[in-house]
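Here's the letter readout for the chains.
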Amino acid sequence: MQEMVDGLKSIFVACDVVHPKDKVLVIADDDGKSVCLGYLCLGTIKAMGAEANLIVMDPPEQRAAEPLSTVSAAMKTVDVCVRVSDKAPVAHTSRRKHARALVLCYCPARTPV
């Protein structure tokens, strides 16, 4: 688990997106893997001295679809958005333009057949 936290911190530092005192919104898909990674991001970001909150939402049905109005409103109030998804990032939506964004895409573990 500590390796995951260290890896996330390395990503946040290398991408230069999370700084102490930043307001960060972590947005995760409503599935077990994304939620788990979202909580890891949340804890890592808080340990870096930033203020962080997590939103768990259903993924959009199509790529680059605008998020729900409540999520969009929350995105406008933060400095950084971190999107945890293996389906639909918010990197190309108009709401993303209001905040720096880091999209963490991951490949779900698949069992070979």
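Description of the structure in this document. (Residues numbered from 1 in each chain as written. Predicted model: local features only at pLDDT ≥ 70, side-chain atom pairs only at ≥ 80, totals over all residues. Heavy atoms only, no water.)

**Comments concerning helix α2 (residues 32-47)**
The terminal C-alpha atoms of α2 lie 23 Å apart, and with 16 residues this matches the ideal 22 Å at 1.5 Å per residue to within 8%. All of the buried residues along α2 are Ser34, Val35, Leu37, Gly38, Leu40, Cys41, Leu42, Thr44 and Ile45. Positioned one or two residues after α2, Gly49 has a phi angle of 95 degrees, which is positive. (Helix = DSSP H or I, 4+ residues; strand = E, 2+ residues; numbered from the N terminus. Expected span 1.5 Å × (residues − 1). Buried < 20%, exposed > 50% of the residue type's maximum accessible area, 1.4 Å probe, protein only.)

**Some remarks on the nonpolar core**
Side chains of a nonpolar character, in soluble globular proteins, are inclined to be buried together. Within the largest apolar cluster, 18 residues are counted, with the highest numbers of intra-cluster contacts made by Phe12, Val18, Val24, Cys41, Ile45 and Val82. Those elements giving two or more residues to this core turn out to be α1 (2-14), β1 (23-29), α2 and β3 (80-85). Not counting residues within four places of it along the chain, the set of residues in contact with Ile45 comprises Phe12, Val18, Val24, Val26, Ala50, Ala52 and Val82. Of all hydrophobic cores here, the second largest spans seven residues; its members include Leu25, Met57, Val71 and Met75. (Core = buried A, V, L, I, M, F, W, Y, C linked by side-chain atoms within 4.5 Å. Contact = heavy atoms within 4.5 Å.)

**Quick notes on the environment of Met48**
Topologically, Met48 is positioned in the loop between α2 and β2 (51-57). Sequence separation between Met48 and Pro20 is 28 residues, and the spatial gap between their C-alpha atoms is 6.1 Å. When near neighbours in sequence (up to four residues on either side) are disregarded, Met48 contacts Lys9, Phe12, Val13, Val18 and Pro20.

**As for the side chain of Ser85**
The residue Ser85 is located in strand β3 in this model. Using a relative accessible area of 1% as the deciding quantity, one classes Ser85 as buried. Here the side chain of Ser85 touches Asp29 through a polar contact of 2.8 Å, side chain to side chain. (Polar contact = N/O pair within 3.5 Å; in protein donor to acceptor, adjacent residues only side chain to side chain.)

**Focus: unusual backbone geometry**
Positive phi outside glycine occurs at Asp16, with the angle close to 55 degrees. With respect to the element layout, Asp16 can be found in the loop between α1 and β1. Unusually for a residue other than glycine, Lys21 sits at a positive phi of about 75 degrees. Within the element layout of this structure, Lys21 appears in the loop between α1 and β1.

**Comments concerning the environment of Lys46**
With respect to the helices and strands, the residue Lys46 is situated in helix α2. With relative accessibility at 47%, the residue Lys46 sits in the partly exposed group. Separated by 26 residues in the primary sequence, Lys46 and Pro20 have C-alpha atoms spaced 8.7 Å apart.

**Here we look at the pattern of salt bridges**
With the rule as written, the count across this model stands at one salt bridge. Close ionic contact of Arg83 with Asp29 constitutes a salt bridge, the shortest N to O distance being 2.7 Å. Separated by 54 residues along the polypeptide, Arg83 in strand β3 and Asp29 in strand β1 bring together distant segments of the chain. The exposure class of Arg83 is buried, given its relative accessible area of 1%. (Salt bridge = Lys/Arg side-chain N within 4 Å of Asp/Glu carboxyl O.)

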